[in-house]
Amino acid sequence: MSIAENIKRVRQRIEDACIRSGRNPDEITLIGVTKTHGADVINEGIAAGITDIGENRVQEITAKYDDIDKRAKIHLIGHLQTNKVKYIADKVSMIHSVDSFKLAKEISDRSLAVGRVMDILIQLNISGEQSKSGIEPERLDELLEEIQSLKGVFVKGLMTIPPVEVGNMNKTREIFRSLKKISVDKQSKIYDNIKMNILSMGMSNDFEIAIEEGSTMVRVGRAIYGER
Ligand SMILES: *Cc1c(COP(=O)(O)O)cnc(C)c1O
């Protein structure tokens, strides 16, 4: 199966999930997660219609950056260390993994330094299980309040990664549903640089469930580019 064919199938599945849940497929952005893949593979996907790509490591972005077709927007979807922000502030269009004020502030400072405002998502850890990234939902209000003072970031929404629990799709669905509920709750908060429009949730194994539960950005790697 070629990348172009895989993309076609994934788009069809997105459309079917939208039909099942009464949604408009135009509301869903498909992010092709290209981590571990070389620029040739990445560009093949872009030529076949991928408009947004996701990478989880700063080092990979900087290594491949010059060779990647510039028509695609790059999303940083993995854990980001504060000291690495400076390498990507001028390269990515959105950062999905903000989980502390310190990180948000560094992104803001580095973005202003290159004359821009960065779109960010707050990563939530919904399952409550020990995980290295994402904040607990209870701490979201406090974080948003701190972030509203930052001029170099715009909070566009929320992101989550359910824990790996193969076969437990009910639990996954519950997590997606909670993220949606939290985003609706926070929508009413009036801050100049916070607007909860985006829900980044759903990967190869669960993007249809995520769409049924309100996702607006699905991050799909293996179903497009094959096993890593
Ligand atoms: C790797 C990765 C994905 C894509 O996972 P697949 O199972 O390949 O679809 C999505 N989101 C994040 C944060 C990732 O690291």
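What you see is a predicted model; the values in this text were computed from it and never measured.

Procedures and definitions
Residues numbered from 1 in each chain as written. Predicted model: local features only at pLDDT ≥ 70, side-chain atom pairs only at ≥ 80, totals over all residues. Heavy atoms only, no water. Phe/Tyr/Trp six-rings, centres within 6.5 Å; stacked < 30°, edge-to-face > 60°. Lys NZ or Arg CZ within 6 Å of the ring centre and 35° of its normal. Near = heavy atom within 4 Å. Polar contact = N/O pair within 3.5 Å; in protein donor to acceptor, adjacent residues only side chain to side chain. Nonpolar A, V, L, I, M, F, W, Y, C, P; charged D, E, K, R; others polar. Helix = DSSP H or I, 4+ residues; strand = E, 2+ residues; numbered from the N terminus. Buried < 20%, exposed > 50% of the residue type's maximum accessible area, 1.4 Å probe, protein only. Contact = heavy atoms within 4.5 Å. Core = buried A, V, L, I, M, F, W, Y, C linked by side-chain atoms within 4.5 Å.

Pulling in residues and values, what's your account of the packing of aromatic side chains?
Counted according to the given criterion, the structure contains 0 aromatic pairs. Taking NZ or CZ as reference, K70 lies 4.4 Å from the ring centre of Y65, over its face. The ring of F154 has K156 sitting right over it, with the charged end atom 4.9 Å from the ring centre.

Break down the site of the ligand for me, citing the residues and quoting the values.
Close to the ligand lie V33, K35, N56, I77, I161, M203, S204, R219, V220, G221, R222 and R228, which account for all nearby residues. Between the ligand and G221 there is a distance of 2.8 Å, counted from an oxygen atom to a backbone nitrogen or oxygen. Contact between the ligand and R222: an oxygen atom at 2.7 Å from a side-chain N or O atom of the residue. Of the residues contributing to the shell around the ligand, the split by class is 5 nonpolar, 3 polar and 4 charged.

Please give an account of the side chain of S108 that cites residues and values.
Relative to the assigned elements, S108 resides in helix 5 (residues 101-113). For S108, a relative accessible area of 1% translates into the label buried. Setting aside residues no more than four positions away along its own chain, S108 makes contact with L150, K151, G152 and V153.

Account for the nonpolar core, naming residues and giving values.
Ranked by size, the top nonpolar core spans 59 residues in total, and within it I95, I107, I120 and I122 carry the most contacts. A total of 6 residues in this core trace back to one element, the largest contributor, which is helix 1 (residues 3-20). Other than its neighbours up to four places away in sequence, I122 contacts H96, V98, I135, L140, L143, L144, I147, V155, G157, L158 and M159. Of all hydrophobic cores here, the second largest spans 6 residues; its members include I31, M94, L121 and M217.

Function-wise, these values are silent; they only describe arrangement.
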